Amino acid sequence: MAKAHRTTRHALAAAAATAALALTLTACGSGSDSGSGSDNGSMAGMNHSGTPSSSASASSGDMSNMPGMNSAATGNGLADAKDGYRMASSAATLTAGKATGYRFTVTGPDGKPVTAFAVDQTKRMHFYAIRSDLSGFQHVHPAMAPDGTWTAPLAALQPGTWRLYASFVPDSGSGKGKDFVLSRTVKVPGMAMTTPLAKASGTTTVDGYTITVKGAPMAGMAHQLTATVTKDGKPVTDLQPYLDTYAHLTAFHQGDLAFAHLHPESKVDGDHGGPALTFHAEFAQSGNWRLFLQFRTADRLHTAALTLHVG
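None of the values given here were measured: they were computed from a predicted structure.

To continue, consider the overall build of the protein chain. Regarding its fold elements, the protein chain presents 1 helix and 19 strands. In the protein chain, which comprises 311 residues, the proportion classed as buried is 45%. When the accessible surface of the protein chain is split by element, carbon and sulfur atoms take 55% of a total near 14300 Å².

Next up, the structure:
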């Protein structure tokens, strides 16, 4: 009997060691660097719109203290409701060719409009618009009425189907402190002309600036993207703060328009950011993603568009 007990104890110890080793190996998964892009666009203005300018082409360490890192788990942004919170609007269509205001509310689990929102990257609400062919990007900051109705000031939209995203953090209720990205689609009547997506490339230009993106992202893994800004072949070191960072980066997946907010790792220190900008990147799926990099110089906002392939 004593020998049997010893055998049993040895077997249990071996099983425990095997399980511990398996857990250690699972926890040690890692990612590498990422990158590539093509195309551009820019627009300055109070609404921080990323509507392409006439010069545009058609086509790691502990990150918990980095700006925007509280937005790490927003989901893909393709639903209008999550965890009891809902993006609601009566607008199913918007007029083509002229500036318009898109009105919506965010309701909480109790069905009532939410009016308490936390500040995230200097704003209580970030709002994005993108057409189904990944053209026409806009990033604006809506104003909220006392009853919880938001109005997003959109520049002229071209005919087609658009997806509109609301990114926010409730400051009360069951979702307090949690990041949400919810979205709805609208139709813009008229003859929709599709813009082909530019091929993936490691560089793009906008308003005389050249942006080079490096890295090799893989779906479902955390990576670092590095964007370098130059002008006339020289490093740019006069980037101004924009939304509490030196550059804001948003991405949308070709086909389903899944959303990814890529978080900056560089801390702001006066009006001398650049030339290298690093981002914590997590892409939920493989394929082509359209990246929109926004940065400010001489009080002007620039928006560069790049196509990035994720393996």
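Having seen the model, we can carry on.
Moving on: empty space enclosed by the protein. Over the atoms, a rolling probe the size of a water molecule traces out where space has been left empty. Of the volumes computed, that of the largest cavity is approximately 60 Å³. Surrounding the largest cavity, Val213, Leu225, Thr226, Ala227, Leu249, Leu277, Phe279, Leu291, Leu293 and Leu306 form its lining. Of all the secondary-structure elements, those providing two or more residues to the lining of the largest cavity are β13 (222-231), β17 (276-282) and β18 (287-297). Residue contributions to the lining of the largest cavity peak at 3 residues, all from β13. Looking at side-chain class alone, the lining of the largest cavity contains 9 nonpolar, 1 polar and no charged residues.

Another point: the pairing of β18. Of all 11 residues in β18, 10 are buried, a share of seventy percent or more. Across 6 bridges, strand β15 (residues 248-253) lies against β18 in antiparallel orientation. Its bridge partner being in β18, alanine 251 is matched across the sheet by leucine 291. The pairing of β18 with strand β19 (residues 300-310) spans 11 bridges and is classified as antiparallel.

All right, on to the nonpolar core then. If you look at the biggest cluster of nonpolar residues, it comprises 28 residues, and the most contacted ones within it are Ile211, Leu225, Leu262, Phe283 and Leu291. Taken together, the elements giving at least two residues each to this core come down to β12 (209-214), β13, β15, β16 (259-264), β17, β18 and β19. Excluding anything up to four places from it in sequence, leucine 262 contacts Leu225, Leu249, Ala251, Phe279, His280, Ala281, Glu282, Phe283 and Leu291. Val106, Phe117, Met125 and Leu164 belong to the second largest nonpolar core, which has 24 residues in total.

Each value, and the rule that gives it
- Residues numbered from 1 in each chain as written.
- Predicted model: local features only at pLDDT ≥ 70, side-chain atom pairs only at ≥ 80, totals over all residues.
- Heavy atoms only, no water.
- Helix = DSSP H or I, 4+ residues; strand = E, 2+ residues; numbered from the N terminus.
- Buried < 20%, exposed > 50% of the residue type's maximum accessible area, 1.4 Å probe, protein only.
- Areas by Shrake-Rupley, 256 points an atom, 1.4 Å probe, with all protein chains shown as cover.
- 1 Å grid on protein atoms, 1.4 Å probe; cavity = no way out; pocket = protein on both sides within 12 Å on 5 of 7 lines; lining within 4 Å.
- Points joined across faces, edges and corners; volume = space filled by probe spheres on them.
- Nonpolar A, V, L, I, M, F, W, Y, C, P; charged D, E, K, R; others polar.
- Pairing = 2+ DSSP bridges.
- Core = buried A, V, L, I, M, F, W, Y, C linked by side-chain atoms within 4.5 Å.
- Contact = heavy atoms within 4.5 Å.

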